[in-house]
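Understanding the architecture of this molecule
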Amino acid sequence: MLKVDEQWLSDITYQVNCTDTLLKEEGFTRLGFSKEEEKAIQQFTEISTNVGLHTRSDEAGNVIARWEGASPDEAPIAIGSHLDTVKHGGGFDGAAGVICALSAIKTLKDNGFTPSVPIEVICFRSEESSRFGVSTIGSKAMSGRLDMDAIKDIKDEHGTTVQKAVEEVGLTWSDFEKAERSESDLKQFIELHIEQGTRIEKAGASFGIARAIACPVRLSIKLLGKAGHTGTTPMDNRRDALCVAAPLISYVSEEASRRSVTNEYPVVATVSTLTVEPNVMTVIPDTVHLGIDIRSVDDELKRELAEDIKKKMNSLANESNVECQIETLVDDDSVFLDPETLKKVKQVGEGLGYKGFDMESGAGHDIMNMAHKWPTAMLFIPCKDGVSHHPSEYATEGDMVMGAEILAHYLKNEA
Ligand SMILES: [Zn+2]
């Protein structure tokens, strides 16, 4: 059995996070294409070079650390994730995948292994949507799924556009698309990530295998009632937009719970944004905006719920004489990963004595872009109390070691 150097893994966990403490009150803020993300990537490059990998940055700023092995002309097996974070996020979302990947390489090297095909560790750029509202920019570019015109003028909260941010870190916007790789360029891609939930623990398992990534349907609803004095407008003469929104909020949550019990795959639905106008103590709300995010890997189930939410909204609005406008902002198909590759990763983990759990991913990841072009598998390790996108996000050293161990053994079999 291959033994992971636990001290080294621990050391590089601090190094890529550029920190000496992983649990900081303010957490980590390494937004996509920021100086902070750059700094973490520099650490990644330094560690990769130290373990004898050859690193290069592609036109989209993704960094690829490569181990040529015995047949450099063969298509490589790639593993990896991202190093950017949300605002005040943790040191493991994304980073865990990069750290475990590097640690797997170090483990194989320590054991004198030489791969017969090249191995790459990929560190994707700007995975999180927290800066620009656009997620997985680096992996979209690598898999050829980026709509450059659609994103170039999107601004962050300081007014910096995507194009400007990209150029500020030394990349050339007009070359960005050249980061796309062809199908024959990679053999397969494996991403390890923290679970960001508690399903693995609840199932009594040690690691998760994500069969599919649930992509959302997003609805934007605008309700238009009539403002009036809260003291002088009688109850039977009101068109209160918030009173129409209230039962819908309960409906969304109750219906998602109910349908999750009766279907093979769960569906989750959330009224995640709500604005009330004029939001004044003495005025009846006349305008309410609701944002609803609905996800399931069962696309039919998710779309059925979205349609029922629209119907319910229309009927509630009609009853109260409130105008209702509904827009579907996003309606993406879920992404299924490669059953064969998933099976092999799970077998490796279970062969090492860890219990695997088949699940889905409710969150998006770089792998959903890669899966459109290459065979892919996603491996989840637990994170404490399921907390993520928060300063207290944490994965234990034991779980990180397990992740590195599974990746190392998988690479040993496959490469
Ligand atoms: Zn992530």
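Scroll up for the structure.
First, a word on what this report is: a plain description of the structure on this page. Keep in mind that this is a model prediction, so the values were computed, not measured.

**As for the overall build of the chain**
Looking only at helices and strands, the chain features 12 helices and 13 strands. Projecting the C-alpha coordinates of the chain onto the three principal axes gives extents of approximately 80 × 45 × 40 Å. Residue burial in the chain is summarised as follows: out of 415 residues, 46% are buried. Long-range contacts, defined as pairs at least 24 residues apart, comprise 79% of the intrachain contacts of the chain with a sequence gap of at least 6.

**Here's the deal with the nonpolar core**
Counting residues in each nonpolar core, the largest one holds 75 residues, and the members touching the most others are Ala-96, Ile-99, Ala-101, Leu-379 and Leu-407. The dominant element in this core, judged by the number of residues it contributes, is helix α3 (residues 95-110), at 10 residues. Excluding residues that lie within four positions of it along the chain, Ala-101 makes contacts with Ile-79, Gly-80, Val-121, Leu-192 and Leu-407. In this structure, Val-267, Val-288, Leu-290 and Ile-294 belong to the second largest nonpolar core, which totals 24 residues.

**So, the environment of Ala-179**
For Ala-179, the position within the fold is in the loop between α6 (162-168) and β5 (188-194). When the 23 C-beta atoms within 10 Å are taken as the criterion, Ala-179 is described as buried.

**Details of the sheet that holds strand β9 (residues 287-295)**
The strand order across the open sheet built from four strands is β8-β9-β7-β10, with neighbouring strands paired in antiparallel fashion. Each edge of the sheet is formed by a strand with only one pairing partner; in this case those strands are β8 (268-277) and β10 (323-331). Adjacent strand axes in the sheet meet at a mean angle of 15° when their direction is disregarded. Here β8 pairs with β9 via nine bridges, running antiparallel. Its bridge partner being in β9, Thr-275 is matched across the sheet by His-289. Its contacts with the sheet put helix α9 (residues 299-319) on β7 (216-224), β8, β9 and β10, and the angle it makes with β7 is roughly 5°.

**Side note on the packing of helix α1 (residues 6-16) against helix α12 (residues 397-414)**
As a packed pair, α1 and α12 sit with axes 10 Å apart at the nearest point and diverge in direction by 105°. By the angle between their directions, the pair α1 and α12 is classed as roughly perpendicular. Only Glu-397, Met-400, Val-401 and Ala-404 of α12 make contact with α1, whose side of the interface consists of Glu-6, Leu-9 and Ser-10.

**Comments concerning the pairing of strand β13 (residues 376-381)**
Within β13, six of the six residues are buried, which leaves it mostly tucked inside the rest of the structure. What you see with β13 is no split at all: Thr-376, Met-378 and Phe-380 on one side and Ala-377, Leu-379 and Ile-381 on the other are buried throughout. In terms of strand pairing, strand β6 (residues 207-213) meets β13 through three bridges, oriented antiparallel. Each bridged residue has a counterpart across the sheet, and for Ala-210 the counterpart in β13 is Met-378.

**Description of the packing of α1 against α3**
Across the interface, α1 lies against α3 with an axial gap of 10 Å and an inter-helix angle of 140°. Accordingly, the angle class assigned to the pair α1 and α3 is oblique. Pair α1 / α3 crosses with right-handed handedness. Facing α1, whose interface residues are Trp-8, Leu-9, Ile-12, Thr-13 and Val-16, α3 presents Ala-95, Val-98, Ile-99, Leu-102, Ser-103 and Lys-106.

Calculation rules
- Residues numbered from 1 in each chain as written.
- Predicted model: local features only at pLDDT ≥ 70, side-chain atom pairs only at ≥ 80, totals over all residues.
- Helix = DSSP H or I, 4+ residues; strand = E, 2+ residues; numbered from the N terminus.
- Buried ≥ 20, exposed ≤ 12 C-beta atoms within 10 Å, placed from the backbone.
- Contact = placed C-beta atoms within 7 Å.
- Core = buried A, V, L, I, M, F, W, Y, C linked by C-beta atoms within 7 Å.
- Pairing = 2+ DSSP bridges.
- Axes fitted to C-alpha atoms, helices over the stretch in contact; angles between N-to-C directions.
- Parallel < 35°, antiparallel > 145°, perpendicular 65-115°, else oblique.
- Left-handed = near helix turned anticlockwise from the far one by under 90°.

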